[in-house]
Every structure is written in C-alpha cells, then in structure tokens.
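# Fold and geometry: a report
One letter stands for each residue in the lines below.
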Amino acid sequence: MLHPGDAIPAGRRVLYIILLGALTALGPFTIDLYLPAFPVLESDFQTTAAMIQLTLTGTMIGFALGQLVVGPLSDKVGRRVPLITVTALHVLASVAAALAPNLLLLGGARVLMGVGAAAGGVVAMAIVRDLFGGRRLVVMLSRLALVSGVAPVVAPLIGSWLLTVMSWHGIFVVLACYGAVMLVTTALFIPETLPKERRHERGTETAWHRYRSVLTDRVYLGVLIIGGMTFSGLFSYLSASPFLFQQTHGLDPQQYGLLFAANSLGVVLGVQTAARLAARFGPQWVLAVSTAMLLLSGVAIIVCDQLGLGLWGTVIPLFVFMTSCGFSFPCVQVLALDRHGKAAGTAASILGASNNGIAALISPIVGWIARDAGITATTMASVMAGCAVVAILSLWVIVRPRTVGMLAP
C-alpha cells in the first residue's frame, strides 16, 4: 500500500468523490449562479450595471483571498476545522445577501460568500492528495476537475431557471441551503486526512516556508501559468458568449442554453479522456496536445468568422476548444499537487486563486477590444488564442515536458 487511500473500499471512494465534488462546485456556483439576476438587481437597487458587476468582482476577490488563507491553514491545523468553519461563514453570508436592503450590504455579503466558498475546492484537492498518489491521484483529481470545469458553465443556466420560480433573494437562499448541506455532510462523512504527525510544527514550517517551497518549483510555476491561461480562455468565452450568440446570431435564451449544455459535454468528454491518457502517457504529454488544440481551435474560430461561415463556423471549433480545456484541467492539477504532498493545501490554494484571479483580469479584455465595433467571434477568439499561446510557451519553456518523470503506479 503506497498511499492511505489505497485501502479505502470502492464504495467509500465513490462517496468521497460525490462529497468532494459538491464542495468543489460550491465556489463556481457562488460566483455564477446569480449572474442572470444582474438586470433585476440593477432595477431593484436603482443603480448601474457597472455597480452590480462590482459585486461579482468582490466575490472573486474574496474567493481568491480565502483560498490563499485556507490552504496554508489546512496544512497547519488539518483539513476539517478550516473546511467546517469557512463553510459555516458561507451559509451566514448567503443569508445576509438574501436579506440585504441595499447594494453596499449586498456587496459586503458577497465578499464574505467568496471567502466562505474558498475552502471547498482547495481543501477537497488537498484531501485527495493526502489520500492518493500516482495514477489513482489522476483519476480522483479528474473527477474534481470535471466539476470545476463544468460548474461555471451550467451555474448561469440553473440561475436562469431559478429566476422563473423565485426572486433574486431566493437564489441566495438556495446557496445558503447548499452550503448548509455541505456543512452537515462534511461534519458527518469527511474524516481528517492530515494526521498530526504530518502537520507542520510551530517554528519549523511557517506559511512563508510553504509558499516558498511551492513557488520555487519550476514545474509548479509552469503549470500555474497554464492553468491560469486555460481558465482565462474559458472565462473569455463565458463573458462574451451572451452577446455573441444572442445579439449577433439571434439565438433565444432556450437555444443559448442548449449551446451551453453542448459545450459542457465537451468539457466532460475532455476530462474523462484525459484521466485515462494521463495515467498511461503522463499529464505533461496530454498538456502538450491539449494546449496545441486550444490554439488551433481559437485560430479556427477567427478564420471561420473572417470567411463568413456563420454560427456553425464558430460553434464547431468552439466545442473543440472546450474539450481541450477539459483535457487540460486534471493534468494541471496532477502536475501541481503530485510534487507537493507535504504542502498540498498551500499548492491547491495558489492554483485556485491564480486561476480565478488571472481569469478575472483577462476575460474583460474581450469587451475592451470590442468597445467600438461590438463583440464578434473574432474578438472573443483572439483572446482565447492569445491565452493558448502563453500556455504553450509556459509548457515548453518553463515546465519542459521531457524533464518531468512519469507518475508512480
């Protein structure tokens, strides 16, 4: 038995996948579930769209900062205490958001919701790394990557449906209930996976030491950039697609929802295929293919748009792009965490914070490029292809696949 998780029965592993996947999804759902309510919020609070968007910015800032705090803390005191404490904060903040009488209090509650949702994904990845290694780590992390890749895409669709049966207040009540369920199930079913003897003693390993050990690893830094660029390409599509497909191509909300669902299937296909290929050939070589496909599909969207090939000229290469994102997500997580088992929480926190932080900075570039002529497939794909170029350079110049060893069995 190489790792503690090797002795866990198959049924128990399935339970862990379900619970840790749900914890991972809490962050994306907290960020994206209320996006369809922006026009309603703008009307109710008698403010501007820019001010409403600041509540989203605040959520992402809280989410990023929360990960940077919770990850190292979980390496210090164990996984359960930070996970339960911060998830409880999410529940309270969600209730506060539902009851917020003005935009200022809503914005403050959203920041705290971001902090509260941060523990789920970070600690879930750290727990998986505590229990598993080698090829089984690839399989387990691929399940979490599936959730983190699909959740941002489907959350706005679920939010749109919720708005047909409840007000925007109800969306935050749903998030509070989601957090409460995670709080109870975590307390009952998720054990402590970081024994006391593996925790860093006071005075011997500080948070600074853990950050330094992770950030001085060349391979980790390389995959950090690759992950950030992949998420940035995904979020560029998410931020531009409502305008592109509904205004330019004239799709109604139902048709737009079906398009979202189809792209979600692309992410699912990519993640599940990548898990098998990474275990056999190595995640670094899967990334070599997936990053190249990200660039080729982005360029294909631009070429098809310039040739006037219409909706299908965008949709088909876009599906390839989303599938390539699915190939990349689990490989990035495996390469980042497999090398840092003793600082898994810190490594996971930096990875999660950088993915969201970089995407939050880059995705608005689509709107800036299109500020005069409007958003087109070319403006959207230009940012996507640019992100892919940076990812490819990071892989071959910083990570250098030939220097990365194969995973243990």
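Going by the structure above, here's the rest.
Of the regular secondary structure elements, the protein holds 15 helices and 0 strands. Its C-alpha atoms give the protein a radius of gyration of 21 Å, within 12% of the compact-globule value 22 Å for 409 residues. Seen along its three principal axes, the alpha-carbon backbone of the protein occupies a region of about 60 × 50 × 40 Å. Counting over 409 residues, the protein shows a buried share of 56%. When contacts within the protein are restricted to residue pairs at least 6 apart in sequence, long-range pairs at least 24 apart make up 84% of them. Charged side chains of the protein number 24 positive and 15 negative; the gap between the two group centres comes to 12 Å.

So, about empty space enclosed by the protein. This structure, assessed with the given rule, holds 1 cavity of 30 Å³ or more. Taken as a whole, the largest cavity encloses approximately 330 Å³ of empty space. For the largest cavity, the lining is made up of 26 residues, of which Ser148, Phe231, Gly352, Asn355 and Asn356 are closest to its centre. Every element with two or more residues in the lining of the largest cavity is listed here: helix 1 (10–32), helix 3 (49–77), helix 5 (103–131), helix 6 (134–163), helix 9 (218–248), helix 12 (310–337) and helix 13 (344–362).

Another aspect to go through is the packing of helix 5 against helix 7 (residues 168–189). Look at helix 5 against helix 7: their axes get within 13 Å of each other, and the N-to-C directions meet at 25°. The angle between helix 5 and helix 7 places the two elements in the roughly parallel class. Here the hand of the crossing between helix 5 and helix 7 comes out left-handed. Facing Leu106, Arg110 and Met113 of helix 5, the residues of helix 7 in contact are Trp168, Phe172 and Leu175. The residue makeup of the contact of helix 5 with helix 7, split by class, is 5 nonpolar, no polar and 1 charged.

Calculation criteria
- Residues numbered from 1 in each chain as written.
- Predicted model: local features only at pLDDT ≥ 70, side-chain atom pairs only at ≥ 80, totals over all residues.
- Heavy atoms only, no water.
- Helix = DSSP H or I, 4+ residues; strand = E, 2+ residues; numbered from the N terminus.
- Rg over C-alpha atoms; globule rule 2.2 N^0.38 Å.
- Buried < 20%, exposed > 50% of the residue type's maximum accessible area, 1.4 Å probe, protein only.
- Contact = heavy atoms within 4.5 Å.
- Lys, Arg positive; Asp, Glu negative; His and termini not counted.
- Charge placed at Lys NZ, Arg CZ, Asp CG, Glu CD.
- 1 Å grid on protein atoms, 1.4 Å probe; cavity = no way out; pocket = protein on both sides within 12 Å on 5 of 7 lines; lining within 4 Å.
- Points joined across faces, edges and corners; volume = space filled by probe spheres on them.
- Axes fitted to C-alpha atoms, helices over the stretch in contact; angles between N-to-C directions.
- Parallel < 35°, antiparallel > 145°, perpendicular 65-115°, else oblique.
- Left-handed = near helix turned anticlockwise from the far one by under 90°.
- Nonpolar A, V, L, I, M, F, W, Y, C, P; charged D, E, K, R; others polar.

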